[in-house]
Amino acid sequence: MKYLRLLCLVLALLCPALGAQAAKKPEYTLSRKNNTVLQSVPDRSIAVRADTAVRPLIPGESPVTGLPWDGEYLPMLVQIGNDVGNSQANGYKVQSAGIGNRTPWGIQYADILYEELTSVTGSTRFIALFSDSLAQGEPAAGTGPVRSCRIGPVLLRAEWQCGLIYAGNFAGENWERLLWETDAMESGAMLDTHKDYAMMGNVVKGVKTPNYNTYVVQNRALIPGSFVSTPHPFLFQDGGAYSGGYQKAGTVNLDWGYKYQISHFVYDEQEGAYTRWCGAGTDPKKWVLFAAFPTAEEREEADRIPIAYANVIVQRVNYLFENAIRPVVQAVGQGNADIFIDGKYIPGTWARPDLESHTVYYDDQGNELRLNRGKTFIALFPNEARCTFTAD
């Protein structure tokens with residue numbers, strides 16, 4: 001009943017938002033030429049045949065990545081910036097988010113990296129989920145740059161039943177009410193760096209704001225011992241689950257509506273995973289590899305660490321806006337999912353019945369999605385935004 005009240009509250013708060021959304025629209029600049037285009041497709045209405053019961057943990061297997069794991073289950077989410085920087089590629093000057101002096105650090109240890117819309121014009125931020133690496137005490141030197149929070153990460157925190165690190169918020173009274181409705185404040189799992197800069201991390205000297213580095217492992221210990229996080233394991237398979245009968249997807253492109261926020265995923269046959277690239281347009285010579293600085297202080301271009309994603313999920317969602325920079329992602333319910341695994345495209349769907357449930361992804365046959373073992377990238381992607389892919 002509490003969550004029904006919450007949904008009513010969110011809808012009531014958003015009534016004036018539609019005018020702000022209509023007043024300024026995103027601009028999709030990614031070319032449709034020679035691409036398979038996925039944009040504003042109707043609800044696939046896939047009949048879900050999978051058992052909805054939560055499966056038990058498999059001893060020694062991570063519920064998040066499917067890899068060998070032996071640790072205490074208490075994931076951590078961190079709100080990470082994705083601001084626009086500059087770099088060089090093949091003699092070209094590239095301007096794009098998440099590169100150059102705007103490269104994030106420490107996210108190479110994240111098991112899942114979410115990307116979420118943060119403005120009506122197409123700007124985005126990341127939400128990094130750390131779980132497996134925490135058993136080895138990583139990221140020991142921290143991660144960042146930590147940014148202010150929106151409603152989306154709070155909803156993810158309720159889903160994962162975990163800690164959330166962020167640097168203040170812009171949601172005012174509505175934000176506070178949502179925190180109380182989801183028991184986030186009562187749980188002690190909301191960790192705002194603005195409350196104790198010195199204890200929770202440090203400002204990186206010589207780096208333009210945003211430049212706050214947070215100590216994920218140490219801050220995890222601040223969560224009360226009475227806090228309980230219940231795992232909801234994904235379904236994993238050792239590759240090849242979607243080898244036959246699916247379109248090839250060697251390159252996947254995501255256009256959020258802002259040309260400097262366009263990203264690309266390129267499938268590496270040897271790795272069996274996708275790497276992420278940044279750059280406007282569809283010319284790979286003008287893209288920069290998305291890679292993390294090892295730490296906040298190790299900021300040489302040559303030291304950057306590429307990240308390979310075994311699974312790329314484009315989760316189609318609606319966004320409503322209180323104003324141009326306060327998006328509320330509608331991540332409870334159901335919708336389409338454009339899924340890319342093993343260099344193939346699987347037209348799927350997703351469902352999350354309520355705030356207490358995890359999001360479950362399904363393939364085109366209505367069976368629970370069989371993920372490859374490893375890291376996953378999840379784009380909380382607007383229904384109307386443009387996703388394209390090519391076989392090569």
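Each remark here, short or long, concerns the structure printed above.
About the cut-offs
Residues numbered from 1 in each chain as written. Predicted model: local features only at pLDDT ≥ 70, side-chain atom pairs only at ≥ 80, totals over all residues. Heavy atoms only, no water. Salt bridge = Lys/Arg side-chain N within 4 Å of Asp/Glu carboxyl O. Helix = DSSP H or I, 4+ residues; strand = E, 2+ residues; numbered from the N terminus. Buried < 20%, exposed > 50% of the residue type's maximum accessible area, 1.4 Å probe, protein only. Contact = heavy atoms within 4.5 Å. Pairing = 2+ DSSP bridges. Patch = residues over 30% accessible without salt bridge, like charges linked within 9 Å, V, L, I, M, F, W, Y side chains within 5 Å. Areas by Shrake-Rupley, 256 points an atom, 1.4 Å probe, with all protein chains shown as cover. Lys, Arg positive; Asp, Glu negative; His and termini not counted. Charge placed at Lys NZ, Arg CZ, Asp CG, Glu CD. Phe/Tyr/Trp six-rings, centres within 6.5 Å; stacked < 30°, edge-to-face > 60°. Lys NZ or Arg CZ within 6 Å of the ring centre and 35° of its normal.

Colleague: So what about the pattern of salt bridges? Which residues, and what values?
Modeller: Considering all chains together, one arrives at 11 salt bridges under this definition. Its salt-bridge partner being Arg-44, residue Asp-338 comes within 2.7 Å of it at the nearest N-O pair. Here Asp-338 is found in strand S23 (residues 333–341), whereas its partner Arg-44 is found in the loop between strand S1 (36–38) and strand S2 (76–80), with 294 residues between them in sequence. Taking relative accessible area as the criterion, Asp-338 reaches 0% and is therefore assigned buried. The partly exposed category is assigned to Arg-44, whose relative accessible area is 23%. Glu-61 is the partner of Arg-373 in a salt bridge, and the nearest nitrogen-oxygen pair spans 2.9 Å. Of this pair, Arg-373 sits in the loop between strand S26 (370–372) and strand S27 (376–382) while Glu-61 sits in the loop between S1 and S2, placing them 312 residues apart in sequence. A relative accessible area of 18% places Glu-61 in the buried class. What emerges from the salt-bridge pattern is a single network uniting Arg-44, Arg-316 and Asp-338.

Colleague: Before we move on, can you summarise the environment of Ala-241 with the specific residues and values?
Modeller: Looking at where Ala-241 falls in the secondary structure, it is placed in the loop between strand S11 (235–237) and strand S12 (247–248). What makes Ala-241 buried here is its relative accessible area of 18%. C-alpha of Ala-241 to C-alpha of Lys-344: the two residues are 103 residues apart in sequence and 10 Å apart in space. Apart from the residues within four sequence positions on either side, Ala-241 is in contact with Asp-342 and Arg-370.

Colleague: Pulling in residues and values, what's your account of the pairing of strand S28 (residues 386–390)?
Modeller: For S28, the tally of buried residues reaches four of five residues, placing the bulk of the element in the interior. Two strands pair when backbone bridges link them, and S1 and S28 are joined in this way by three bridges, in the antiparallel orientation. Residue pairing for S28: Val-37 is matched across the bridge by Thr-388. Where strand S13 (residues 251–255) meets S28, five bridges bridge the pair, whose relative direction is antiparallel. Considered in S28, the bridge of Asp-255 is made with Arg-386.

Colleague: Lay out unusual backbone geometry in plain terms, naming residues and giving numbers.
Modeller: Here the amide bond leading from Glu-138 into Pro-139 is cis, since omega sits at 0°, within 30 degrees of zero. Considering the arrangement of structural elements, one finds Pro-139 in the loop between strand S6 (124–130) and helix H3 (151–160). Look at the link from Gly-144 to Pro-145: it is a cis peptide, with omega at 0°. By the secondary structure assignment, Pro-145 is in the loop between S6 and H3. The backbone of Asn-34 shows a phi angle near 60°, a positive value even though the residue is not glycine. By the secondary structure assignment, Asn-34 is in the loop between helix H2 (17–23) and S1. For Asn-34, a relative accessible area of 68% corresponds to the exposed category. The backbone of Ser-45 shows a phi angle near 50°, a positive value even though the residue is not glycine. The residue Ser-45 is located in the loop between S1 and S2 in this model.

Colleague: Would you mind going over the pairing of strand S14 (residues 263–268) in detail, with residue names and values included?
Modeller: Bridge count between S13 and S14: four bridges; the pairing is antiparallel. Across the sheet, the residue bridging to Thr-251 is Val-266, located in S14. Where S14 lies against strand S15 (residues 273–278), six bridges are found, and the strand directions are antiparallel. Each residue of the ladder has a partner; that of Tyr-267, found in S15, is Tyr-274.

Colleague: Go over a negative patch on the surface with me, naming the residues and quoting the values.
Modeller: Taken together, the side chains of Glu-297, Glu-298, Glu-300 and Asp-303 make up a negatively charged region of the molecular surface. Looking at the element boundaries, Asp-303 is found in the loop between strand S17 (291–292) and strand S18 (305–306).

Colleague: Give me the lowdown on the packing of aromatic side chains, citing residues and values where you can.
Modeller: Evaluated as defined, the whole model comprises 12 aromatic pairs. Ring centres of Phe-234 and Phe-236 lie 6.3 Å apart, and the angle between their planes is 90°; this geometry places the pair in the edge-to-face category. We note Arg-370 situated over the ring of Tyr-242; from NZ or CZ to the ring centre the distance is 5.0 Å.

Colleague: Would you mind going over the environment of Val-146 in detail, with residue names and values included?
Modeller: Within the fold, Val-146 resides in the loop between S6 and H3. Note: C-alpha distance between Val-146 and Val-317 (171 residues apart in sequence) is 24 Å. Once you skip the residues sitting within four places of it in the chain, Val-146 turns out to touch Val-78, Gln-79, Ile-165, Tyr-166, Ala-167, Thr-193, Tyr-212 and Thr-214.

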